[in-house]
Amino acid sequence: MELVVNATEGINRAARILREGGLVAVPTETVYGLAADATNGDAVAKIYAAKGRPSFNPLIIHVDGVEMAKRYGRFDERAIKLAERFWPGPLTLVLPLAESHGLAPAVTAGLDSVAMRQPSGPMAELATLLDRPLAAPSANSSGRISPTLAQHVAVDLGTKVDLILDNGPCPVGLESTIISLVGETALLLREGGLDRSVAAQIVGPLVKPKPDANVAAPGMLSAHYAPRIPLLRDFSSPMPEGMAFLGFGEDMHEPGLNLSPSGDVNEAARNLFAMMQELDRSGARSIGVAPIPHHGLGAAINDRLQRAANGSGDGDGR
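Residues numbered from 1 in each chain as written. Predicted model: local features only at pLDDT ≥ 70, side-chain atom pairs only at ≥ 80, totals over all residues. Heavy atoms only, no water.

Participant: Got a minute to help me understand unusual backbone geometry in this structure?
Facilitator: Working note: non-glycine residues mostly have negative phi, and peptide bonds are mostly trans. Residue P88 follows W87 across a cis peptide bond; omega there is -5 degrees. Residue position: P88 is located in the loop between α4 (77–86) and β5 (91–96). Following E254, the chain continues to P255 via a peptide bond in cis, the omega torsion being 0 degrees. By the element assignment, P255 lies in the loop between β12 (243–247) and β13 (256–258). Its identity is not glycine, yet S100 carries a phi of approximately 50 degrees, on the positive side. Along the chain, the position of S100 falls in the loop between β5 and α5 (105–108). Unlike most non-glycine residues, A109 shows phi in positive territory, near 50 degrees. Turning to its location among the elements, A109 is positioned in the loop between α5 and β6 (113–117). (Helix = DSSP H or I, 4+ residues; strand = E, 2+ residues; numbered from the N terminus.)

Participant: Can you walk me through the nonpolar core in this structure?
Facilitator: Buried together is how nonpolar side chains tend to be arranged in soluble globular proteins. Ranked by size, the top nonpolar core spans 49 residues in total, and within it I61, F75, W87, L93 and M116 carry the most contacts. Elements supplying a minimum of two residues to this core: β3 (32–37), α2 (41–51), α3 (66–69), α4, β5, β6, α7 (150–156) and α8 (196–203). Considering each element in turn, this core owes the most residues, five residues, to α2. Excluding anything up to four places from it in sequence, F75 contacts V66, A69, K70, I80, A83, W87, L93, L95 and M116. (Core = buried A, V, L, I, M, F, W, Y, C linked by side-chain atoms within 4.5 Å. Buried < 20%, exposed > 50% of the residue type's maximum accessible area, 1.4 Å probe, protein only. Contact = heavy atoms within 4.5 Å.)

Participant: I'm lost on the environment of L257 in this one. Help?
Facilitator: Considering the arrangement of structural elements, one finds L257 in strand β13. With 22 residues separating them along the chain, L257 and L279 place their C-alpha atoms 8.1 Å apart. In contact with L257, not counting residues within four places along its chain, are F245, L246, G247, M252, M275, E278 and L279.

Participant: What's the story with the sheet that holds β12 in this structure? I'm lost.
Facilitator: Within a sheet, each strand pairs with its neighbour through backbone hydrogen bonds, oriented either parallel or antiparallel. What the four strands build is an open sheet, ordered β11-β14-β12-β13; its pairing is parallel. Either end of the sheet is taken by a strand with one partner, and the two such strands are β11 (231–232) and β13. In this structure, β12 lies alongside strand β14 (residues 286–289), joined through four bridges in parallel fashion. Residue pairing across strands places L246 opposite V289, the latter belonging to β14. Lying on the sheet, helix α9 (residues 265–280) is in contact with β11, β12, β13 and β14; it crosses β12 at an angle near 170 degrees. (Pairing = 2+ DSSP bridges. Axes fitted to C-alpha atoms, helices over the stretch in contact; angles between N-to-C directions.)

Participant: Whenever I open this one, the pairing of β12 confuses me. Can you help?
Facilitator: Remember that side chains alternate between the two faces of the sheet whenever the strand is regular. Within β12, five of the five residues are buried, which leaves it mostly tucked inside the rest of the structure. Burial along β12 is two-sided: the residues M243, F245 and G247 and A244 and L246 are all buried. Bridge count for β12 against β13 is three bridges, and the pairing is parallel. Counterpart to G247 in the pairing with β13 is N258.

Participant: Honestly, the environment of L130 in this entry has me stumped. Any pointers?
Facilitator: Position of L130 among the secondary structure elements: in helix α6 (residues 122–130). Assessed through its relative accessible area of 4%, L130 is described here as buried. As for L130 and D37, which are separated by 93 residues in sequence, their C-alpha atoms are 8.4 Å apart. Residues contacting L130, with those up to four places away along its chain left out, are A15, L18 and R19.

Participant: Where do I start with helix α10 (residues 298–311) in this structure?
Facilitator: Structurally, the α-helix is built with 3.6 residues per turn, so residues lying three or four positions apart point the same way. The end-to-end C-alpha distance of α10, which contains 14 residues, comes to 20 Å, matching closely the 20 Å that a straight helix rising 1.5 Å per residue would cover. Along α10, eleven of the 14 residues are buried, which leaves the element largely enclosed by surrounding structure. Of the positions making up α10, those classed as buried are G298, A299, A300, I301, N302, D303, R304, L305, R307, A308 and A309. On its buried face, α10 is in contact with β10 (187–190), β11, α9 and β14. Phi turns positive one or two residues past the end of α10, at G313, with a value near 45 degrees. (Expected span 1.5 Å × (residues − 1).)

Participant: Just checking my understanding: could you explain empty space enclosed by the protein for this structure?
Facilitator: Regions of empty space are outlined by a rolling probe, equal in size to a water molecule, passed over the atoms. One pass over the structure, following the stated rule, counts three cavities of 30 Å³ or more. Considered as a void within the structure, the largest cavity measures approximately 210 Å³ in volume. A136, P137, S138, E175 and R190 are the residues nearest the centre of the largest cavity, which is lined by 22 residues in total. When residues of the lining of the largest cavity are traced back to their parent elements, those giving at least two are β3 and β4 (60–62). Partitioned by chemical class, the residues of the lining of the largest cavity number eight nonpolar, nine polar and five charged. (1 Å grid on protein atoms, 1.4 Å probe; cavity = no way out; pocket = protein on both sides within 12 Å on 5 of 7 lines; lining within 4 Å. Points joined across faces, edges and corners; volume = space filled by probe spheres on them. Nonpolar A, V, L, I, M, F, W, Y, C, P; charged D, E, K, R; others polar.)

Bear in mind that shape data such as this cannot, by itself, settle questions of function.
As structure tokens, this is what we get:
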């Protein structure tokens, strides 16, 4: 594994590794992704092996624009409008598979749909250089905290990755919002870095799938994004011995970190995973998290915290 400090200088090396079937950790505006050629079955299998990812959990493919995306998914008018408005950006569309798509079967986990998005930055540049999409879930062990710094990838996955491109912290800090347009009703499969109310202005109300719905896209597992120590949501004092606090606004206790002293949910989203990583490795016995409002990106933050609580420590975080 080689850590490249400047992602721009490492692009050509990364493209060569990807053509040869290797794995590259690539920064996006959301989190760092673990990328492989989405048309190479052996390369995609390496993603699942490196992450310890369940085979039933499909992957998102990353494209350089709508024209490339149309080779792999079938776009209706709704999908075109959303892509034109929000790509590149933190929006993933789940669409019916195109005929003769050529994707490795493991990418879609056997489904007749595909999740795709156009990111900004190095991931899209690499898709252009390869002239094919990159399968790229978050570059972390399955179920654990997503990486927003190159160092997070190096500590977690280490030599399982052939190359890590370092482009500094991810500006959004939460994975993409996922909207399924497979049927007539637009489904919100995952809260994320795009405020769902903005997308709803184009496609109408977004319906959430039933709790027992099959996994149709990444981020739908009930336990995900989890630290190794217990995480407790909506925590209020007194703090037990050994707890570290993840505060918000004026709600802060020591020892701990504050997601946003000013109470800005966008700032909190940018800091969430990095601060969870830091507290998880701080020697604390548990993490208590202040209540986060549900407006704007707060909905996505609370979604991540609930799934993190479900998978953290012994899995009983409330």
